[in-house]
Amino acid sequence: MSNCNAPFVDDFQWAVIRLATLQRRGQPGRLIFATVTLLSPDRPPPTKMTGADSQKLGKSGMTVFFRRTVLNARQAIDWYRSLGESNSKAPVPSRREDLWRNDGIDITVSDLVDDPLWPNLGLPMGESLLSQPTGKSDPAPFIGSIPSRIHRRFGNAEGFETLIANDAVLAFIARRLHINLRDYPEYLGSAALIVPNHIIKQIDNFLIPANDEHGEQIFYRFVPRSGQTLDGLNISMFDTQAYLLTGFETRNVPINGILQMDKGSCIGAYGYVVTHPVHGVLSYHLPSGFLRTMNLNIGIVNQVRKISVPVSESQKSTQTEYCVHRTQRVQNSVIGDETIPSNANLRVGIAGKQREKAANAVRYDQHWFGEGKREEAMAFVRTRVSRARNLIMVADPYFGVLQIPQYLLAITSDTVKVKILTSRLAFEGGYTPEEGCQEKESSLATNSVERLNRFSEEIERVRKEGNADVEVMILPGKSPVLHDRFLVIDDEIWFLGNSLNTLGERASMIIKLPNPDEVLRELENMLNQANTFDAYRQQRTNA
């Protein structure tokens with residue numbers, strides 16, 4: 001029996017279900033992600049899919065399966081609403097010729113939470129009503145190019161760590177479900193319903209130039225889909241200018257679909273929302289300015305040069321090549337009005353961008369330390385160290401004896417785990433003994449052992465003063481794989497232009513990374529491959 005109570009279902013005939021599951025041989029597949037897309041009446045259902053696509057998940061013994069099926073709209077929504085019940089199953093196609101032997105098999109689905117409450121739908125938007133969903137701010141990249149409303153059912157996202165770490169599997173899913181689950185982990189174990197705008201086929205929106213009878217006007221033309229009318233539709237129009245909301249007006253959409261609004265001068269940005277009394281929000285357009293002028297530059301490539309250069313300074317270095325395409329400009333032209341009405345938008349916009357850049361500098365803790373600002377730079381780092389509650393990691397090939405009391409004694413919490421990733425350069429320097437320099441080599445080895453002993457004493461000092469969990473690792477090799485320097489405080493990472501032993505002596509920059517996750521993973525990999533301090537110290541003592 002159907003449990004579908006969606007008011008929009010009767011406006012659609014067909015739906016496409018895209019289902020990805022994770023399965024271990026002999027066990028039911030677990031829901032990774034699924035979408036149910038209702039097809040507009042003028043869009044025919046796709047041809048059947050033969051079988052299922054699969055991708056092995058590395059050496060885990062598990063496989064990702066993908067299956068696309070076509071159901072009638074009511075059956076598709078019934079399946080969507082049945083997910084999370086004790087007997088969840090893969091969908092069964094409505095057309096007999098589409099059936100496959102594994103359709104209808106059991107799948108494992110966790111309890112699901114509706115967002116929004118069923119049967120309400122939401123139109124994806126950006127970070128605010130006046131911003132566009134682009135890049136990672138788009139909450140529903142799986143929709144595609146057709147404006148649609150969505151409903152989501154979120155499930156348990158735990159247990160997919162191996163899948164998220166596998167690039168090949170993520171690419172396999174992204175090609176079929178149009179979503180990168182590493183960027184959108186909230187959709188793991190979940191499902192989404194996609195409902196296209198079935199009433200309006202298109203909305204034309206453009207500027208009508210001023211003439212002797214009227215000023216500039218904004219023109220709207222609404223085109224309904226076949227068999228639909230514009231009866232009951234409303235349009236709410238909002239105008240912005242120089243970061244001000246200058247107009248907000250709601251009008252009934254005329255039955256003929258033509259609406260002209262007198263504006264006098266359209267020098268701002270204009271957006272709208274179209275709503276239906278039953279189906280809610282159907283369409284949204286963020287505030288945008290009208291394009292008045294285009295500068296067109298045309299050039300031709302008249303020379304192609306191939307450049308060959310060594311990869312490094314080594315005499316045995318391999319060569320790398322790249323091409324340079326020299327372009328000759330042959331035509332410059334202006335399309336549209338060469339004169340733009342005078343307004344404050346540009347001036348306010350430029351000033352706003354400057355404030356935005358300054359705010360981002362504060363947000364990412366960007367600091368420039370000029371030459372001779374050593375104490376100021378040290379105080380900056382100590383302040384961040386003192387705020388740590390769980391983790392401090394110093395990744396610096398030159399982090400040596402003196403830096404321990406300079407920075408690590410500023411720790412204020414006894415729950416902090418300290419990880420130090422340094423290298424031989426902190427104890428031995430960059431000197432490489434040459435033939436005939438045995439005396440200098442012996443002196444260097446002695447100094448190295450002394451530094452190691454002092455380093456060990458300073459580490460014990462940190463442990464005794466309330467931070468017992470200190471781990472020191474030494475990067476292997478004469479030339480460490482790590483060049484840049486990083487300071488990790490809990491879940492934030494600062495990039496240091498200079499090592500902590502010289503920070504502020506010469507002009508340098510410190511900035512907090514906007515996306516620290518990738519760097520933290522790489523630093524953890526280096527830690528796993530490094531040698532313990534005790535092993536390195538023993539080796540140098542016996543040398």
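Residues numbered from 1 in each chain as written. Predicted model: local features only at pLDDT ≥ 70, side-chain atom pairs only at ≥ 80, totals over all residues. Heavy atoms only, no water.

A. Broad picture of helix α4 (residues 345-363). Compared with the 27 Å implied by 1.5 Å per residue over 19 residues, the 26 Å span of α4 between its first and last C-alpha is a close match. Positive phi appears at D365, one or two residues downstream of α4, with a value of about 55°. (Helix = DSSP H or I, 4+ residues; strand = E, 2+ residues; numbered from the N terminus. Expected span 1.5 Å × (residues − 1).)

B. Examining the layout of surface pockets more closely. Computed from the structure, the second largest pocket encloses a volume of approximately 610 Å³. What lines the second largest pocket is a set of 25 residues, among which S145, I146, P147, S148 and Y284 lie closest to the centre. When contributions to the lining of the second largest pocket are tallied by element, the ones reaching two or more residues are β9 (200-208) and β15 (280-288). Take the lining of the second largest pocket: its biggest share by element is five residues, from β15. The residue inventory of the lining of the second largest pocket, partitioned by class, reads 14 nonpolar, eight polar and three charged. (1 Å grid on protein atoms, 1.4 Å probe; cavity = no way out; pocket = protein on both sides within 12 Å on 5 of 7 lines; lining within 4 Å. Points joined across faces, edges and corners; volume = space filled by probe spheres on them. Nonpolar A, V, L, I, M, F, W, Y, C, P; charged D, E, K, R; others polar.)

C. Here's a closer look at the sheet that holds β9. Taken in spatial order, the three strands line up as β9-β10-β13 in an open sheet, and their pairing is antiparallel. Each edge of the open sheet is held by one strand with a lone partner, namely β9 and β13 (258-264). Averaged over neighbouring strand pairs, the angle between their axes works out to 15° when direction is ignored. (Pairing = 2+ DSSP bridges. Axes fitted to C-alpha atoms, helices over the stretch in contact; angles between N-to-C directions.)

D. Here's a closer look at the packing of aromatic side chains. Tallied over the entire structure, the rule returns 17 aromatic pairs. Taken together, a centroid distance of 5.7 Å and an interplanar angle of 85° make the contact between Y220 and Y272 edge-to-face. Here Y220, found in strand β10 (residues 216-224), pairs with Y272, found in strand β14 (residues 269-276); they are 52 residues apart in sequence, far enough to count as distant. A relative accessible area of 3% places Y220 in the buried class. Look at Y272 and you get buried, because its relative accessible area is 5%. (Phe/Tyr/Trp six-rings, centres within 6.5 Å; stacked < 30°, edge-to-face > 60°. Buried < 20%, exposed > 50% of the residue type's maximum accessible area, 1.4 Å probe, protein only.)

E. Summary view of the confidence of the model for the chain. Per-residue confidence for the chain averages 89 on the pLDDT scale, and 92% of its residues sit at or above 70. Every residue in residues 430-444 scores below 50 in pLDDT, and together they form seven contacts with partners more than four places removed in sequence or on other chains. (pLDDT = per-residue confidence, 0-100. Contact = heavy atoms within 4.5 Å.)

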